[in-house]
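# Reading the structure
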Amino acid sequence: MKKMNLFARKLAVVLSVAAMGFASQASAELDGAKLYIEKTCITCHGADAKTPIMPLYPKLAGQNYEYLKQQALDIKNGKRTNGMATSMMGIAQMATDEEIDAIVKYISTLPAQ
Ligand code: HEC
């Protein structure tokens, strides 16, 4: 019984270490700056994320991460359809939630001015 518990505990440690390794590897693979270009966010929001192609399109650089993420996901999921939001919906749907997360994390670190 005691031996079994020890084995179970060792197994739990091994599994959690493996899971942590996997999680950090997965997030390290997502490069927000690269995805901002690859997912074509750059074509509408500009290279610095504050030079949109139209005055009706928002500047994003330096905005709070939580806000950017919520808005991007709302546009992707069709919850936000006001203004010009639907023009971005198709593009947002080509990115996974994890990719959007990495992109907006990157955008939030860019200087607003
Ligand atoms: C086709 C042009 C276009 C592309 C491509 C595009 N967007 Fe947008 N985006 C918009 C427009 C237009 C809005 C404003 C919608 C509105 O009028 O409410 C917007 C709004 C946003 C907002 C909310 C800003 C705010 O202040 O509420 C975020 C965040 C955002 N985009 C992120 C992204 C990301 C990330 C990508 C790439 C996956 C992307 N956008 C690609 C056009 C685009």
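Residues numbered from 1 in each chain as written. Predicted model: local features only at pLDDT ≥ 70, side-chain atom pairs only at ≥ 80, totals over all residues. Heavy atoms only, no water.

## A word on the packing of helix 4 (residues 65–76) against helix 6 (residues 97–109)
Close contact between helix 4 and helix 6 brings their axes to 9 Å; oriented N to C, the two are set at 140°. Compared by their axis directions, helix 4 and helix 6 come out oblique. The handedness of the crossing between helix 4 and helix 6 comes out as right-handed. Facing helix 4, whose interface residues are Y65, L68, K69, A72, L73 and K76, helix 6 presents D97, I100, D101, V104, K105, I107 and S108. Split into classes, the residues belonging to the contact of helix 4 with helix 6 amount to seven nonpolar, one polar and five charged. (Axes fitted to C-alpha atoms, helices over the stretch in contact; angles between N-to-C directions. Helix = DSSP H or I, 4+ residues; strand = E, 2+ residues; numbered from the N terminus. Parallel < 35°, antiparallel > 145°, perpendicular 65-115°, else oblique. Left-handed = near helix turned anticlockwise from the far one by under 90°. Contact = heavy atoms within 4.5 Å. Nonpolar A, V, L, I, M, F, W, Y, C, P; charged D, E, K, R; others polar.)

## Quick look at the environment of I75
On the secondary structure map, I75 appears in helix 4. By relative accessible area, which is 7% here, I75 ends up buried. Residues I75 and A85 lie ten residues apart in sequence; the distance between their C-alpha atoms is 6.2 Å. In this structure, I75 is in contact with R80, A85, M88 and M89, ignoring residues within four places of it in sequence. (Buried < 20%, exposed > 50% of the residue type's maximum accessible area, 1.4 Å probe, protein only.)

## Some remarks on the packing of aromatic side chains
Following the criterion strictly, the structure yields one aromatic pair and no others. Seen in terms of ring centroids, Y36 and Y106 are 6.1 Å apart; in terms of plane orientation they differ by 55°. Their pairing is tilted. Of the two residues, Y36 is situated in helix 2 (residues 32–38) and Y106 in helix 6; the sequence distance between them amounts to 70 residues. With relative accessibility at 1%, the residue Y36 sits in the buried group. For Y106, a relative accessible area of 23% gives the class partly exposed. (Phe/Tyr/Trp six-rings, centres within 6.5 Å; stacked < 30°, edge-to-face > 60°.)

Fair warning: the whole summary comes from geometry, so function is off the table for now.
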